[in-house]
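Each chain is listed here by its residues.
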Amino acid sequence: MIPKIIAWSARNPFMVILLVAGLGIGGWLSLTQTPLDAIPDLSDVQVIVYTEWPGRSPDLVEDQVTYPIVTSLLSAPNVTVVRGFSYFGFSFVYVIFEDGTDMYWARSRVLEYMDEAKARLPDNVTPTLGPDATGVGWALEYALVDRSGTHSLADLRTFQDWYLRYWLKAVPGVADVASVGGFVKQYQVVLDPNALDAYQLSIDQVIRAVRENNNDVGGRLIEYAGAEFMVRGRGYIKNLDDLRKTVVAARGDGTPILLRDISTIQFGPELRRGLTEWNGEGEVVGGIVVVRFGEDVLDVIERVKHKLAEVEGSLPEGVEVQLTYDRSDLIEES
């Protein structure tokens, strides 16, 4: 066979040149279009179900949240393993499918079978799916560094959560952007137990009053002089004074009891369990960019860098974005 191929090649040099040129062009095209990564993605086809139930102990979360979800997903098609983990206030369920299962088909099946589980979950408990990424999707990290020293960690975290995070999530190929470090700003109402006792109020009454007063409501149309006027009530809380003026109840003579009469109202940080530190210089706010399953990691990283350069002018004065982990260097060296 080999002598015949050699003889044919010797008689047809032009065809051999065309064949080699075609193979070379095909190889070059494959090289330019092949997704590049330094870390092979050998992870299972996995869907994560995350559920929050604040303030509940792990055994209660296990019995009323994790167990109903796990038992509902065991019968889903192509599922090999379902693992549940219960913690204080939240639950994780990992659903692992057979190799070769399409990731988005698997996510659709999990959503279908979650309808069965929701009927057995406590009120106001809503499970959510994790991002459509794998364990090796963690491709880029950055930190918001304030060189001016004029911005608090709460201000930086607010900018990260409400602006920068969504700008980067809009980049094609990005599955999620997780925020780390800093302080999440909260409206905090510190109740005075003596005042509650004096006014004969319960904590549930206060909670209900705050919830009902923080709301916009719509009325109906009023026709006047040939024109229509839309009636609405604007009640969303915009600052601490709005919260202080919330009416909780009324005294016997009709005098309203305001929230400021029974509590101290302030801005404060949400409870946190970790921090992000920058080169020994102090705390910063950071973000973790997670690449979507099946995407070209190198291309996604370059698109994220380009987006960061675009929004540089929109950063708070004195704040700059510093990359703390960049897999593209490892990919290019590999």
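Residues numbered from 1 in each chain as written. Predicted model: local features only at pLDDT ≥ 70, side-chain atom pairs only at ≥ 80, totals over all residues. Heavy atoms only, no water.

(A) Representation of the environment of Gly 84 in the model. On the secondary structure map, Gly 84 appears in strand β2 (residues 79–87). A relative accessible area of 34% means that Gly 84 is categorised as partly exposed. Distance from Gly 84 to Asp 59, taken between C-alpha atoms, is 12 Å for residues 25 residues apart in sequence. Beyond its immediate chain neighbours, meaning those up to four positions away, Gly 84 contacts Thr 66, Val 70, Phe 92 and Val 93. (Helix = DSSP H or I, 4+ residues; strand = E, 2+ residues; numbered from the N terminus. Buried < 20%, exposed > 50% of the residue type's maximum accessible area, 1.4 Å probe, protein only. Contact = heavy atoms within 4.5 Å.)

(B) Representation of a negative patch on the surface in the model. Residues Asp 299, Glu 302, Asp 329, Glu 332 and Glu 333 make up a contiguous surface patch of negative charge. Listed by contribution, the elements that provide at least two residues to the negative patch are α9 (297–310) and α10 (327–333). If one sorts the elements of the negative patch by residue count, α10 sits on top with three residues. If you trace the backbone, Glu 332 turns up in helix α10. Glu 332 sits in the exposed class, given a relative accessible area of 54%. (Patch = residues over 30% accessible without salt bridge, like charges linked within 9 Å, V, L, I, M, F, W, Y side chains within 5 Å. Areas by Shrake-Rupley, 256 points an atom, 1.4 Å probe, with all protein chains shown as cover. Salt bridge = Lys/Arg side-chain N within 4 Å of Asp/Glu carboxyl O. Lys, Arg positive; Asp, Glu negative; His and termini not counted. Charge placed at Lys NZ, Arg CZ, Asp CG, Glu CD.)

(C) Representation of the side chain of Gln 160 within the structure. Relative to the helices and strands, Gln 160 resides in helix α5 (residues 153–169). Among the residues examined, Gln 160 registers a relative accessible area of 0% and is labelled buried. Contacts of Gln 160, omitting those with residues within four sequence positions, involve Tyr 142, Leu 144, Arg 165, Val 177, Ala 178, Ser 179, Val 285, Gly 286 and Gly 287.

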